[in-house]
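# Structure at a glance
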Amino acid sequence: MRLKQLLILVLLLIISNPTFAQQTTNKPDRVKWFQDLGFGMFIHWNVDVSLGTVISHSLAGASDEYVEKYINELPTFFNPKKFDPDEWATMARLAGMKYVVFTTKHHAGFCMFDTKTTTFNVMNTPFKRDVLKEIITAFRKQGIAIGLYFSPEDFLFFHQNNIPLGRLQDKRQFPMNNPKLMEYDKAQIKELLTKYGKIDIMFFDGPGDGLREYAWSLQPELVITRDAMNTPEQNIPDKAQPRPWEACYTMGTDWQYKPTNDPHKSGTEIINMLIEIRAKGGNFLLNVGPKPNGEIQIEQEALLREIALWNFANGEAIYAVKPLPVIRDKDIWFIQSNDEKHIYAFITKKRDDEWKYGQRREFLFPMIEGNAQTKVEVLGYKSELVEYVNNFDASIKSAPTPLGLAVSAVNGQRFYTNRTWPNAVVLKISGAKFKVAEEVKTSKSGIDGAQ
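These numbers come from a predicted model, not from an experiment.

## Observations regarding the nonpolar core
- Residues Val131, Phe139, Met202, Trp310 and Phe346 are the most contacted members of the largest nonpolar core, which totals 96 residues.
- Top element by residues in this core is helix α9 (residues 267-279). It accounts for 7 residues.
- Mapping this core onto the domain boundaries places at least three of its residues in each of domain 1 (28-317) and domain 2 (321-434).
- Those residues in contact with Phe346 that sit more than four places away from it in its chain are Ile275, Trp310, Ala317, Ile318, Asp331, Ile332, Trp333, Ile335, Val425 and Val426.

## Observations concerning the pairing of strand β10 (residues 332-337)
- Among the 6 residues in β10, 6 count as buried, and that is most of the element.
- With 2 bridges connecting them, strand β8 (residues 321-322) and β10 associate as antiparallel partners. Its bridge partner being in β10, Lys322 is matched across the sheet by Gln336.
- Across 2 bridges, strand β9 (residues 328-329) lies against β10 in antiparallel orientation.

## Considerations on the domain arrangement of the protein
- When the domains of the protein are assigned, the result is domain 1 (28-317) and domain 2 (321-434).
- The distance between the C-alpha centroids of domain 1 and domain 2 comes to 36 Å.
- On the side of domain 2, 22 residues touch domain 1, which itself brings 21 residues to the contact.
- Summed over the three residues of domain 1 that lose the most area to domain 2, namely Ala279, Glu316 and Ala317, the buried surface amounts to 28% of that side.

## Digging into the packing of α9 against helix α10 (residues 298-314)
- Following both chains from N to C, one finds α9 and α10 inclined at 50 degrees, their axes separated by 9 Å at the closest point. Taken together, the axes of α9 and α10 are oblique relative to one another. As α9 packs across α10, the resulting crossing turns out to be right-handed. Along the contact surface, α9 presents Gly267, Thr268, Ile270, Ile271, Leu274 and Ile275, while α10 presents Leu303, Glu306, Ile307, Trp310 and Asn311.
- When its residues are assigned to classes, the contact of α9 with α10 shows 7 nonpolar, 3 polar and 1 charged.

## Quick notes on the UniProt feature "domain: Glycoside hydrolase family 29 N-terminal" (unreviewed entry) in the protein
- Mapped onto this numbering, the UniProt entry gives "domain: Glycoside hydrolase family 29 N-terminal" (unreviewed entry) at residues 25-316.
- Taken as a whole, residues 25-316 contains 35% helix and 12% strand, while its terminal C-alpha atoms sit 30 Å from one another.

## Section: unusual backbone geometry
- The residue after Arg243, namely Pro244, is reached through a cis peptide bond having omega 5 degrees.
- Inspection of the secondary structure puts Pro244 in the loop between β5 (223-224) and β6 (246-249).
- The phi torsion at Gln234 lies on the positive side, around 55 degrees, for a residue other than glycine.
- Inspection of the secondary structure puts Gln234 in the loop between β5 and β6.
- With relative accessibility at 34%, the residue Gln234 sits in the partly exposed group.
- Although it is not a glycine, Arg419 sits at a positive phi angle of roughly 60 degrees.
- Inspection of the secondary structure puts Arg419 in the loop between β16 (404-410) and β17 (425-430).

## A closer look at the packing of aromatic side chains
- Across all of its chains, the model carries 25 aromatic pairs by this definition.
- Measuring from centroid to centroid gives 5.8 Å for Phe42 and Trp255, while their planes differ by 70 degrees, and the two rings are edge-to-face. One end of the pair, Phe42, is in strand β1 (residues 39-43); the other, Trp255, is in the loop between β6 and α9, and 213 residues separate them in sequence. Just as Phe42 is buried, Trp255 falls in that class too.
- Ring geometry for Phe334 versus Phe365: centroids 5.8 Å apart, planes at 85 degrees, classification edge-to-face.

## With respect to the side chain of Thr348
- Among the structural elements, Thr348 can be located in the loop between β11 (342-347) and β12 (360-365).
- A polar atom in the side chain of Thr348 sits 2.5 Å from the backbone oxygen of Asp331.
- Non-local contacts of Thr348, meaning those with residues more than four positions away in its chain, are made with Asn272, Ile275, Asp331, Trp333, Glu354 and Ala424.

What counts, and where the lines are drawn
- Residues numbered from 1 in each chain as written.
- Predicted model: local features only at pLDDT ≥ 70, side-chain atom pairs only at ≥ 80, totals over all residues.
- Heavy atoms only, no water.
- Core = buried A, V, L, I, M, F, W, Y, C linked by side-chain atoms within 4.5 Å.
- Buried < 20%, exposed > 50% of the residue type's maximum accessible area, 1.4 Å probe, protein only.
- Helix = DSSP H or I, 4+ residues; strand = E, 2+ residues; numbered from the N terminus.
- Domains from an automatic or database assignment.
- Contact = heavy atoms within 4.5 Å.
- Pairing = 2+ DSSP bridges.
- Buried area = accessible area lost by both parts, 1.4 Å probe.
- Axes fitted to C-alpha atoms, helices over the stretch in contact; angles between N-to-C directions.
- Parallel < 35°, antiparallel > 145°, perpendicular 65-115°, else oblique.
- Left-handed = near helix turned anticlockwise from the far one by under 90°.
- Nonpolar A, V, L, I, M, F, W, Y, C, P; charged D, E, K, R; others polar.
- UniProt positions renumbered as here; feature names shortened; annotations may be inferred.
- Phe/Tyr/Trp six-rings, centres within 6.5 Å; stacked < 30°, edge-to-face > 60°.
- Polar contact = N/O pair within 3.5 Å; in protein donor to acceptor, adjacent residues only side chain to side chain.

Rendered as structure tokens:
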């Protein structure tokens, strides 16, 4: 009888005290923190980088001979002598990236960290260094939040246990259906979440049932993105989405380093994607694929530096912001600060020579209601002069009108020698209200001849 009473008491304690209950969702305050980060760096790097192949997926459906060569031979080639995580982290910070997500274990099952669960890891390569530890140290020094990518599906495990190498095609590929795989994954997650200090973000690329709860039990403050929120790849939703969500994009056509036939997006395309994603309430996780020698390829470094220049002037419009009821009017995107004191209007360009340096443009914002105290600024530009031009009025003029806020501004940002800057100019509007136009219902006559 006393044992029964004791069990009831324990049960009541579990129900009444949330610390005893299993965590099943991200904590709301941590989700808000994550949303305000806005922009992050995704890093795909795996043992098969030496081949320049699609990361891990070449194993799916591969012959036994290919699989054996992959497992036994590829680790002998991994020796990135130019690996400099401090350079990566510095580049990320300069570009305005507030968090990083690194592939600790992709689907192939190769671990880019020092693990006791398998010999198929970075310590058993000529490099013999804990890549993950060095990356975490470098990015922490730059004040960048740490995120870990982890694949619950493991092609090495599948190969060793006679399970087809593929994704989401066999019930044994799901940890919840495979106790041995669940135990294996949990052992690796425990290493990741106990050996490297506080981890901020976890990206489970695969079925995470049972694993996300285990991860939260180890680090309750962890924000789990994929598997706990919408994380579209290579796609931006048509409309603003319920928050939180995160868009994941490559710079070229592949996630890992691709040495051939890989056209990259332009810096303007990527900057416009960042603007659109933030206006729609999402985070932007932009990928880099380091080369086999550890360097970020020159094309991707150049793009990061173009993004860095734009963010250097306009970054305040990207962080700690939230969507407005109307997010776009033709080529102009809108967003507001979390405290609703400022509205940002992103003036994007279809051509490099659109809104030229030193040129004045007029805008009418029907959805913005201004007043005598409304102030308009061009981010990164003081609006006092245009270089080498005397007696030129570069001031911003704004006025509330019955049709909306009228603004006249000069583009005085000289970022390139040829004075051609193809990227968006941002107007910061303070002391104004955003209004949604009332929908006017119309009707059409049904009389003959009116069709």
